[in-house]
Amino acid sequence: MVILGIDPGIATMGYGVVEVDKGEFTALDYGVITTSKDMSAPDRLVKVAKGIALLNEKYSPKAIAIEELFFQTNRKTAILVAEARGVILYSASLTKARIYEYTPNQIKQAITGYGGADKNQMQQMVKILLKLNAVPKPDDAADALAVAICHGQTGKFQELARI
């Protein structure tokens, strides 16, 4: 099963495409979609939407896993990230993939076994689980891979619980 993991953002949106087969994970692609502060908000959101569409077209994921927002102190940034997340959810809903959302603590728990894991612990586990030679860079891409792995670890249980 191919899973697209997304770490939402307006300046930098991380993505990670993972294939899971019989409990084994393989990274197919990862990276970031970036927008400039000099772009208008609508143009930034369109670029994010187009990025999701291109990833869907290229990989046809069965599931799209998105990290839920956590509280941010800067209101302006929080609003822009929330808008980007809305565009991401909308763009994902136009695909044939099912959409799943995970909190940062759920992702940490699925990857490391501890909901309070720090960034370094998360990155090292992503590297190990995907059998990579180095920690994926930039951090947003590593976070998106973690979201995809989280779904690969827990998504089966969600499917069983659906009525």
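Residues numbered from 1 in each chain as written. Predicted model: local features only at pLDDT ≥ 70, side-chain atom pairs only at ≥ 80, totals over all residues. Heavy atoms only, no water.

**Student:** Looking at this structure, I do not really get the environment of Val17. What am I missing?
**Tutor:** Mapped onto the fold, Val17 is located in strand β2 (residues 12–21). With residues near it in sequence (within four places) discarded, Val17 still touches Val2, Ile3, Leu4, Thr26, Ala27, Leu28, Asp29, Tyr59 and Leu145. (Helix = DSSP H or I, 4+ residues; strand = E, 2+ residues; numbered from the N terminus. Contact = heavy atoms within 4.5 Å.)

**Student:** Even after reading the chapter, I still don't get the side chain of His151, so can you show me in this structure?
**Tutor:** With respect to the helices and strands, His151 occurs in helix α5 (residues 139–161). Not counting residues up to four positions away in its chain, the partners in contact with His151 are Met1, Ile3, Ala63, Ala65, Tyr100 and Tyr102.

**Student:** Looking at this model, I keep getting lost on the pairing of strand β4 (residues 63–67). Mind explaining?
**Tutor:** Within β4, five of the five residues are buried, leaving the element largely enclosed by the surrounding structure. Burial of β4 is two-sided: the residues Ala63, Ala65 and Glu67 facing one way and the residues Ile64 and Ile66 facing the other way are all buried. As paired strands, strand β1 (residues 2–7) and β4 are joined by four bridges and run parallel to one another. Its bridge partner being in β4, Ile3 is matched across the sheet by Ala63. Bridge analysis of β4 against strand β5 (residues 98–102) gives five bridges, and the strand direction is parallel. (Buried < 20%, exposed > 50% of the residue type's maximum accessible area, 1.4 Å probe, protein only. Pairing = 2+ DSSP bridges.)

**Student:** Please clarify how the sheet that holds strand β3 (residues 24–34) should be interpreted in this entry.
**Tutor:** What links the strands of a sheet is backbone hydrogen bonding, and the strands pair in either a parallel or an antiparallel sense. Across the sheet, which stays open at both edges, the five strands sit in the order β3-β2-β1-β4-β5 with mixed pairing between neighbours. Every interior strand has two partners, whereas the edge strands, β3 and β5, have only one. On average, adjacent strands in this sheet sit at an angle of 20° to one another, irrespective of strand direction. Contacting β1, β2 and β3, helix α1 (residues 41–59) runs over the sheet at an angle of about 155° to β3. (Axes fitted to C-alpha atoms, helices over the stretch in contact; angles between N-to-C directions.)

**Student:** Would you explain the pairing of β2 in this entry?
**Tutor:** Working note: regular strand, side chains alternate between the two faces of the sheet. Across the 10 residues of β2, seven count as buried, placing the element largely inside the fold. Pairing between β1 and β2: six bridges, direction antiparallel. Bridging from a neighbouring strand, Ile6 pairs with Tyr15 of β2. Between β1 and the antiparallel strand that follows it, β2, lie four residues. Linking β2 back to β3 in an antiparallel pair, the connection comprises two residues, with Lys22 at a positive phi of about 55°.

**Student:** Sorry, what's going on with the packing of helix α3 (residues 104–112) against helix α4 (residues 119–129) here?
**Tutor:** Geometry of a packed helix pair, given as the angle between the helix axes and the separation of the axes. Running from N to C, α3 and α4 cross one another at 50°; their axes reach a closest spacing of 9 Å. What the angle tells us is that α3 and α4 run oblique. Relative to α4, α3 is oriented so that their crossing is left-handed. On the side of α3, the interface is formed by Ile107, Lys108, Ile111 and Thr112, while α4 contributes Gln121, Met122, Met125, Val126 and Leu129. Among the residues forming the contact of α3 with α4, the class breakdown is six nonpolar, two polar and one charged. (Parallel < 35°, antiparallel > 145°, perpendicular 65-115°, else oblique. Left-handed = near helix turned anticlockwise from the far one by under 90°. Nonpolar A, V, L, I, M, F, W, Y, C, P; charged D, E, K, R; others polar.)

**Student:** Sorry if this is basic, but what is going on with the nonpolar core here?
**Tutor:** Grouped together as the largest cluster of nonpolar side chains are 21 residues, with contacts concentrated most on Ile107, Ile111, Val126 and Leu130. Looking at this core, the elements that each hand over two or more residues are β2, β4, β5, α3, α4 and α5. Counting residues per element, this core draws most heavily on α5, which supplies six residues. Apart from the residues within four sequence positions on either side, Ile111 is in contact with Met122, Met125, Val126, Leu129, Ala146, Ile149 and Cys150. Counting residues in hydrophobic clusters, the runner-up holds 16 residues, among them Tyr15, Val17, Tyr59 and Ile66. (Core = buried A, V, L, I, M, F, W, Y, C linked by side-chain atoms within 4.5 Å.)

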